Amino acid sequence: MNSHDILVGQINSLRKEKNAVILAHYYQIPEIQEIADFVGDSLDLSRKSAETNADIIVFAGVNFMAETAKILSPQKRVFIPDLEAGCSLAESCPSEEFRKFREEYPDHMVVSYVNTTAGIKAMTDITCTSTNAVQIIESIPKEQKIIFAPDRNLGNYLNSITGRNMLLWNGACHVHEEFSLEKMLAILKSHPKAKLIAHPECQGPVLIAADFVGSTSALLKFVETDGGSEYIVATESGILHQMRKRNPQKTFIPAPPIDSTCGCNDCRFMKLHDLQKIFDSLNEEKFEINLDMEIMEKARKPMQRMLELSA
Ligand code: 13P
């Protein structure tokens, strides 16, 4: 047995002994996706966190995802394998600044993307993910004014799809911000049969040029059902593992970022986790997510509204 198989064996024994589950986002490294009890997009991971009977959740994702699991399952112990796994988008919306912004528009309700801290969720009326955002926004009466936070690219995209004029917080994800129209057109030119598929956190011009726009799970579903054979994928590179695994006959090319030397279509936070850290997390019971009770109670309401609406 090689060292990888030994480590996987140890992880398996520990998760059984401790009645733990490992939840992983599609942006994790392939080795983690392969050992996870469940791999999914942020909506499915929220659902799994709320439903699981496990005593312990080890969350291989970024901080807001582990916090979300804790908010939805406060009686469970939730661990994140690397505490530094933050999220540039969540961090682009600090609580105090957002509180002041919200106070300037008291007649607006707040829809926030789940990529926010618990503090922002506690100031939110209803959360959404990129999978259910259109459905959530369309469930709100047309005359109701809305603040949408924190991703301005997703917000602009939602405004264009729903015909709303939501007020947008000026946040962005460091991975999706790096894709440019110019680079996309150049790569499409060199792969004339390829289709461009993009996550709605990409900038507007990239989304306009895309053949398909959707959340990670929507992109996966699209490539499984579409008749094409080659795709340029404008989102975090971890998703390519599932795409290739489920469609071995098709070709998937990571979209080039503005600076091709920066490796920026890897999320530097998502990619902090590895198998050793998952083992350590289970073994040493670290790093535990603990949130203020009052914030958790407040943050749970908009999440439950979202889960009810997108059941
Ligand atoms: P999904 O909702 O598609 O999982 O997106 C998560 C995310 O963080 C994108 O940056």
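Residues numbered from 1 in each chain as written. Predicted model: local features only at pLDDT ≥ 70, side-chain atom pairs only at ≥ 80, totals over all residues.

A. Layout of the sheet that holds strand β8 (residues 167–168). Spatial ordering of the open sheet is given by β6-β5-β7-β8, a layout of four strands whose pairing is parallel. Edge positions in the open sheet fall to β6 (126–128) and β8, since each of these has one partner strand only. Taken together, the three bridges between strand β5 (residues 108–113) and β6 define a ladder with parallel strand orientation. Counted as the bridge partner of Val111 is Ile126 from β6. (Pairing = 2+ DSSP bridges. Helix = DSSP H or I, 4+ residues; strand = E, 2+ residues; numbered from the N terminus.)

B. Representation of the pairing of strand β1 (residues 20–25) within the structure. Counted residue by residue, β1 has six buried out of six residues, so it is predominantly covered. The alternating pattern of β1 places Ala20, Ile22 and Ala24 on one face and Val21, Leu23 and His25 on the opposite face, and all of these are buried. Two elements, β1 and strand β3 (residues 56–60), share five bridges in a ladder whose sense is parallel. In the sheet register, Ala24 faces β3, and the bridge partner there is Ala60. (Buried ≥ 20, exposed ≤ 12 C-beta atoms within 10 Å, placed from the backbone.)

C. Spotlight on the UniProt feature "binding site: [4Fe-4S] cluster" (unreviewed entry) in the chain. Feature annotation in UniProt places "binding site: [4Fe-4S] cluster" (unreviewed entry) on Cys87, Cys173 and Cys267, given in this structure's numbering. A maximum C-alpha distance of 9.2 Å among these annotated residues, which run over 181 residues, shows that they cluster at one spot. Tracing the backbone through its elements, the reader meets Cys87 in the loop between β4 (77–79) and α5 (88–91). In this structure Cys87 comes out as buried when scored by C-beta crowding, with 21 C-beta atoms within 10 Å. Those residues in contact with Cys87, other than ones at most four positions away along the chain, are Val62, Asn63, Phe64, Asn115 and Phe269. Residue placement: Cys267 occurs in the loop between β12 (251–254) and α14 (275–284). When residues no more than four places from it in sequence are discounted, the contact partners of Cys267 are Tyr27, Val175 and Glu236. (UniProt positions renumbered as here; feature names shortened; annotations may be inferred. Contact = placed C-beta atoms within 7 Å.)

D. Molecular detail of unusual backbone geometry. Put simply, Ala149 and Pro150 share a cis peptide bond, and its omega is -5°. Of note, Pro150 is situated in the loop between β7 (145–149) and α9 (152–162). A cis amide bond links Lys286 with the next residue in sequence, Phe287, at an omega value of -10°.

E. Region of the structure containing the nonpolar core. In this structure, Leu23, Ile57, Val58, Phe59, Ala198 and Ala234 are the most contacted members of the largest nonpolar core, which totals 89 residues. The leading source of residues in this core is helix α4 (residues 63–72), at six residues. What Leu23 contacts, discounting residues up to four positions off in sequence, is Ala36, Asp37, Phe38, Leu45, Lys48, Ser49, Ile57, Phe59, Ala60 and Ala69. (Core = buried A, V, L, I, M, F, W, Y, C linked by C-beta atoms within 7 Å.)

F. Up close: the environment of Arg152. Of note, Arg152 is situated in helix α9. Under the C-beta neighbour-count criterion, Arg152 is labelled partly exposed, with 19 such atoms within 10 Å. Residues Arg152 and Pro302, 150 residues apart in the sequence, show an inter-C-alpha distance of 20 Å. Here Arg152 is in contact with Leu168, Trp169, Asn170, Gly171 and Ala172, once residues within four sequence places are set aside.

G. Focus on α9. Where α9 is concerned, the buried positions are Asn153, Leu154, Gly155, Tyr157 and Leu158. Against the buried residues of α9 lie β5, α8 (133–138), β7, β8, α11 (204–209) and β10 (212–213). Gly163 lies just past α9 and shows a positive phi near 75°.

H. Region of interest: the UniProt feature "binding site: iminosuccinate" (unreviewed entry) in the chain. Mapped onto the present numbering, the UniProt feature "binding site: iminosuccinate" (unreviewed entry) falls on His25, Ser42, Tyr113, Val114, Asn115, Ser130, His199, Pro200, Glu201 and Thr216. Inspection of the secondary structure puts Tyr113 in strand β5. Residue classification places Tyr113 among the buried positions, given that 28 C-beta atoms sit within 10 Å. Ignoring any residue separated from it by four or fewer positions in sequence, one finds Tyr113 in contact with Cys128, Pro150, Asp151 and Leu154. Tracing the sequence through the fold places Val114 in the loop between β5 and α7 (118–121). Those residues in contact with Val114, other than ones at most four positions away along the chain, are Ser42, Ser46, Phe64, Thr68, Thr127 and Thr129.

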